[in-house]
Amino acid sequence: MLDKMNILSTETFKTYTDTNDCLVVFFKDLCPNCKVLMKVLEKCLVQHSELNIAGVNTEGNPDLMEASDVSKVPTVIVYKKGKPVARKSGIMNPTEMMAFYFNA
Amino acid sequence: MDSDFDVVIVGGGIAGMTAAIYVARANLTTIILEKGVCGGLANWTNTVDNFPSYQSVHGMDLMQKIKDHVESLNVGIEEIAEVNHLELDVPDKIIKTTESTYRGKSIILATGRVPIPLPLETDWQDHTHYCSICDGSLYKGKDLVVVGGGNSGFDESLYLLSLGVKSIVLVEEMDTCSADQTIQEKALATRKITCRTNTRIREICQQEGRGNITLENTKSRSTERTMADGIFVFIGQSPNTKFMEGRVKLDSFGYIITDEFMHTDIPGVFAAGDVIVKRYRQLTTAMSDGTIAALEAIRYVREKYDGRDL
């Protein structure tokens, strides 16, 4: 698990995404691709410590998955000004991840 | 971090990690460069039942224990380190990743294999999966198609059923499934898995959130349709050697050709694990390869640079 990751729940999701431009990662503990993506995000934070990264553990939050129309993990959704502006499932490398976020 | 090493290991699966343990214990310097995270394909395995010392263990747990062992020996591990350039036919091998350059007196290539994607263009990608541990639980009470009649296809189908999946149509393009007979019988005995051999997916159309899947008989060319909520694909793996093409001798399928001592065609360059040409690809055989490759790399470095035998 990433140290600097805000874990979101049904109660906190909307407030957090409304008030922060951020990357929200839908993950699962035993998902190997999620483990890779967390490491990618760790590298991204080294270069861009200002990034807001949040996570939704899908195992305890099926309602958030459904509300966000997520059908596989990991899925990353970029929120800007309270709106989901980009989404991608699967693995990205750090360069792709940063381009994905900053271009969204 | 020092970028000059006695042995640079490319790939952090079980072969690479085993090699690192041997090299470190021989008091040579080494580093593992891993494209993703250490553990390789075993991280994708829900249950490992054939690893001596564990009757049953989760693949990711097993790999973490091995990684802990490697780290206890102060071996450097660089994860998310994708190698994009190799110079192998020089005395000090040069390995470049997107972030750094490394030099090794010797190199062990243990990059493993990657899953083969479904060979079909479809806009149903969100419901096409390669990891039942990751995505299986989303399909509780739903109907699935599983592609691939090998051990993975049957093992993963049983795992998906254990998560509460309602039914599975398992399709295999060949006329028989290659999975062990015992696991085939176990799967079919559930009566929730039906197996179609000589069958491939020809088309997937979205229909009211589900997949309307056209299955084609590869012999008669007749077709049938089945509705499913998702597809899981287990049609094997291909060697992760694209970046080595033209650098080291590969066979026509892209696997690295080695001799029995894990030597490639280039002095000082060794290979180990699933990425080499061989018949049996198991965790235990990958460990064996990693051991041999490490001992040969140690011998190579000592003979060439220290004038000493192992």
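Residues numbered from 1 in each chain as written. Chains lettered and ligands numbered in written order. Predicted model: local features only at pLDDT ≥ 70, side-chain atom pairs only at ≥ 80, totals over all residues. Heavy atoms only, no water.

A few points about the sheet that holds strand β9 (residues 143-147) of chain B
Strand-to-strand pairing in sheets goes through backbone hydrogen bonds, with the strands running parallel or antiparallel.
Residues and elements named next belong to chain B.
Logical step 1: If you walk across this open sheet you meet the five strands as β8-β15-β9-β10-β11, and the pairing is parallel. Single-partner strands in this sheet number two, and they are β8 (128-129) and β11 (193-196).
Logical step 2: Pairing between β9 and strand β15 (residues 230-233): four bridges, direction parallel. Across the sheet, residue Val147 finds its bridge partner in β15, namely Val233.
Logical step 3: Docked against the sheet, helix α4 (residues 151-162) engages β9, β10 (167-171), β11 and β15, running at close to 170° with respect to β10. (Pairing = 2+ DSSP bridges. Helix = DSSP H or I, 4+ residues; strand = E, 2+ residues; numbered from the N terminus. Contact = heavy atoms within 4.5 Å. Axes fitted to C-alpha atoms, helices over the stretch in contact; angles between N-to-C directions.)

A few points about the pattern of salt bridges
All names here are of chain B.
Logical step 1: Counted under the stated rule, the structure contains 20 salt bridges over all chains.
Logical step 2: Between Glu173 and Arg200 there is a salt bridge whose closest N-O contact spans 3.4 Å. Placement of Glu173 in the loop between β10 and α5 (181-189) and of Arg200 in strand β12 (residues 199-207) is noted, with a sequence separation of 27 residues between them.
Logical step 3: The exposure class of Glu173 is partly exposed, given its relative accessible area of 43%.
Logical step 4: Accessibility expressed as a relative area gives 28% for Arg200, which makes it partly exposed. (Salt bridge = Lys/Arg side-chain N within 4 Å of Asp/Glu carboxyl O. Buried < 20%, exposed > 50% of the residue type's maximum accessible area, 1.4 Å probe, protein only.)

A few points about the environment of Gly112 of chain B
Residue and element names in this part refer to chain B.
Logical step 1: Within the secondary structure, Gly112 sits in the loop between β6 (101-109) and β7 (113-115).
Logical step 2: By relative accessible area, Gly112 is classed as buried at 16%.
Logical step 3: C-alpha separation for the pair Gly112 and Ala271, spaced 159 residues apart in sequence, amounts to 9.9 Å.
Logical step 4: In contact with Gly112, other than residues within four places in its own chain, are Pro239, Asn240, Asp274 and Val275.

Topic: the packing of aromatic side chains
What characterises a pair of aromatic rings is the spacing of the ring centres plus the angle enclosed by the ring planes.
Logical step 1: All told, the structure shown has six aromatic pairs over all chains when counted by the stated rule.
Logical step 2: Summarising the aromatic geometry, the rings of Phe51 of chain B and Tyr54 of chain B are spaced 6.4 Å apart at their centres and angled 40° between planes, so their arrangement reads as tilted.
Logical step 3: Overall, Phe51 of chain B belongs to the buried group, its relative accessible area being 10%.
Logical step 4: Take Tyr54 of chain B: its relative accessible area is 28%, and that puts it in the partly exposed class.
Logical step 5: With centroids separated by 6.2 Å and ring planes inclined at 75°, the aromatic side chains of Phe270 of chain B and Tyr300 of chain B adopt a geometry described as edge-to-face. Of this pair, Phe270 of chain B sits in strand β17 (residues 269-271) while Tyr300 of chain B is found in helix α6 (residues 283-306), placing the two residues 30 residues apart along the sequence. You'll find Phe270 of chain B and Tyr300 of chain B in the same group, each marked buried.
Logical step 6: Taken together, the ring pairs in this structure connect Phe13, Phe26 and Tyr79 of chain A into an aromatic cluster.
Logical step 7: The ring of Tyr101 of chain A has Lys80 of chain A sitting right over it, with the charged end atom 4.7 Å from the ring centre. (Phe/Tyr/Trp six-rings, centres within 6.5 Å; stacked < 30°, edge-to-face > 60°. Lys NZ or Arg CZ within 6 Å of the ring centre and 35° of its normal.)

Here we look at the pairing of strand β2 (residues 22-27) of chain A
Residues and elements named next belong to chain A.
Logical step 1: Counting buried residues along β2, six of its six residues qualify, which places the element largely inside the surrounding structure.
Logical step 2: As judged from the five bridges shared by β2 and strand β4 (residues 75-80), these two strands associate in the antiparallel manner. Looking across to β4, one finds that Cys22 is bridged to Tyr79.
Logical step 3: Sheet analysis places β2 next to strand β3 (residues 53-57), joined by five bridges and oriented parallel. Pairing of Phe27 across the sheet is with Asn57, part of β3.

So, the domain arrangement of chain B
All names here are of chain B.
Logical step 1: Along its sequence, chain B is carved into domain 1 (4-115 + 237-306) and domain 2 (125-233).
Logical step 2: Spacing between the C-alpha centres of domain 1 and domain 2 amounts to 33 Å.
Logical step 3: At the interface, five residues of domain 1 touch five residues of domain 2.
Logical step 4: Here domain 1 meets domain 2 over a buried area of about 410 Å², counting both sides, of which 63% is carbon and sulfur.
Logical step 5: Taken as a group, Trp44, Asn46 and Pro115 account for 84% of the area that domain 1 buries against domain 2, more than any other trio of residues on that side.
Logical step 6: Counting every contact that joins domain 1 to domain 2 gives zero salt bridges. (Domains from an automatic or database assignment. Buried area = accessible area lost by both parts, 1.4 Å probe.)

So, the nonpolar core
Across soluble globular proteins, nonpolar side chains show a tendency to be buried alongside one another.
Logical step 1: Within the largest apolar cluster, 56 residues are counted, with the highest numbers of intra-cluster contacts made by Ile32, Val70, Ile95, Ile107, Ile108, Leu109 and Ile256 of chain B.
Logical step 2: Contributions of two or more residues to this core are made by β1 (4-10), α1 (14-25), β2 (30-33), α2 (59-72), β4 (83-87), β6, β17 and α6 of chain B.
Logical step 3: Per element, the largest residue contribution to this core is eight residues, and it comes from α1 of chain B.
Logical step 4: Excluding anything up to four places from it in sequence, Ile32 of chain B contacts Ile9, Gly11, Gly12, Gly16, Met17, Ala20, Cys38, Val70, Val75, Gly76, Ile77 and Glu78 of chain B.
Logical step 5: Core analysis: the next-biggest nonpolar cluster, separate from the first, contains 31 residues, Phe27, Leu45 and Met97 of chain A together with Ile80 of chain B among them. (Core = buried A, V, L, I, M, F, W, Y, C linked by side-chain atoms within 4.5 Å.)

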